[in-house]
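# Structure assessment
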Amino acid sequence: MICVILLGPPGAGKGTQAKSLSERFNFLHISTGDLLRENVKKNTPLGTKAKEFMEKGELVPDELLENMILEKFNSLKEIKGFILDGYPRNINQAEFLDRILNENNCKEIIIYLQSSEKVIVERLSGRRICSNCQTIYHLKNMPPKRDLICDLCGGTLYQRPDDQEETVKKRLYVYLQETSPLIKYYQNRLNYIFADDEADIVFGKIVEVIENESNLK
Ligand SMILES: [Zn+2]
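The notes below deal with the structure included here. Computed from a prediction, not measured in an experiment: that's the story for all the values here.

### A short note on the overall build of the chain
Within the chain one finds eight helices and eight strands. Each of the three principal axes of the chain carries a C-alpha extent, and together these read 55 × 40 × 35 Å. Across the 217 residues of the chain, 25% fall into the buried class. In the chain, the proportion of contacts linking residues at least 24 apart, taken out of those at least 6 apart, comes to 70%.

See the structure below:
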């Protein structure tokens with residue numbers, strides 16, 4: 001089984017790329033955010049515990065997340081591979097992942113999407129979301145037909161506070177600070193990919209790395 005680990009700052013395009021990759025290679029896309037939401041929604045024992053932390057605005061402890069990943073992992077016997085997006089975030093998590101990948105004879109491919117601050121700010125600060133149906137637009141790359149009105153439902157578009165320019169810069173700084181030990185931990189295992197280009201160009205480069213490393217062609 002192949003495990004693609006997608007790393008990179010917010011706005012580098014991890015989510016978009018993970019989605020395209022899962023379609024191309026028929027890999028399962030595991031986003032820890034989705035995994036958390038899924039467990040909470042289904043009221044699983046792990047979800048119930050996680051909810052307590054989330055409601056207090058605290059980070060969900062590593063151990064809880066590990067158990068969710070393990071559960072998911074054990075349910076995956078038949079698949080060719082999976083893509084992890086948003087995990088690991090720290091060395092603890094990376095060590096855990098190394099352990100389960102080793103135990104299960106998985107081949108890891110670690111990809112770091114590298115984007116400049118300028119492009120990240122442009123991508124995230126231009127994002128607008130429909131307050132009614134949650135469709136995502138971009139003022140430059142995917143503008144609505146009428147100013148700040150949703151094409152699909154006529155709802156008003158708004159900007160998430162998280163996507164304001166100053167906040168984006170702060171998020172980026174926090175990400176780089178938090179993950180620098182992780183990058184060191186992975187050092188010569190990382191495949192750096194320049195991710196300022198259009199999504200389909202970046203996608204082509206990732207596909208090439210995966211094909212070369214996994215003999216999937
Ligand atoms: Zn809408």
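Resuming the write-up.
### What about the sheet that holds strand E8 (residues 190–194)?
Within the open sheet, the five strands sit side by side as E2-E3-E1-E4-E8. Their pairing is parallel. Two strands in the sheet have a free side with no partner beyond their single neighbour: strand E2 (28–31) and E8. Within this sheet the neighbouring strands show an average axis-to-axis angle of 25°, counted without direction. As paired strands, strand E1 (residues 2–7) and strand E4 (residues 107–114) are joined by six bridges and run parallel to one another. The residue of E4 that forms the bridge with Leu6 is Ile111. Contacts from helix H8 (residues 199–214) reach E1, E4 and E8 within the one sheet, and its direction differs from that of E4 by about 155°.

### Considerations on the nonpolar core
With 33 residues, the main nonpolar core has Val4, Ile5, Leu6, Ile83, Leu84 and Ile111 as its most contacted residues. For Leu84, the residues in contact, after removing those within four places along its chain, are Cys3, Ile5, Leu6 and Ile30.

### Details of the packing of helix H2 (residues 32–41) against helix H3 (residues 45–55)
Two elements in contact, H2 and H3, have axes whose closest approach is 7 Å; the angle formed by their N-to-C orientations is 105°. If you check the angle between H2 and H3, you find them roughly perpendicular. Every residue of H3 that contacts H2 at Leu36, Asn39 and Val40 is listed here: Leu46, Gly47, Ala50 and Lys51. Residues that form the contact of H2 with H3 fall into these classes: four nonpolar, two polar and one charged.

### Re the pairing of strand E3 (residues 81–85)
Both faces of the sheet carry side chains from a regular strand, because those side chains alternate between them. With five of five residues buried, E3 lies mostly within the body of the structure. A two-sided burial pattern is seen for E3, the buried positions comprising Gly81, Ile83 and Asp85 on one face and Phe82 and Leu84 on the other.

### A short note on the environment of Glu208
If you trace the backbone, Glu208 turns up in helix H8. A tally of 12 C-beta atoms within 10 Å means that Glu208 is categorised as exposed. Linking Glu208 and Lys42, residues 166 residues apart in sequence, is a C-alpha distance of 37 Å.

Thresholds applied
- Residues numbered from 1 in each chain as written.
- Predicted model: local features only at pLDDT ≥ 70, side-chain atom pairs only at ≥ 80, totals over all residues.
- Helix = DSSP H or I, 4+ residues; strand = E, 2+ residues; numbered from the N terminus.
- Buried ≥ 20, exposed ≤ 12 C-beta atoms within 10 Å, placed from the backbone.
- Contact = placed C-beta atoms within 7 Å.
- Pairing = 2+ DSSP bridges.
- Axes fitted to C-alpha atoms, helices over the stretch in contact; angles between N-to-C directions.
- Core = buried A, V, L, I, M, F, W, Y, C linked by C-beta atoms within 7 Å.
- Parallel < 35°, antiparallel > 145°, perpendicular 65-115°, else oblique.
- Nonpolar A, V, L, I, M, F, W, Y, C, P; charged D, E, K, R; others polar.

Structural measurements only, silent on function.
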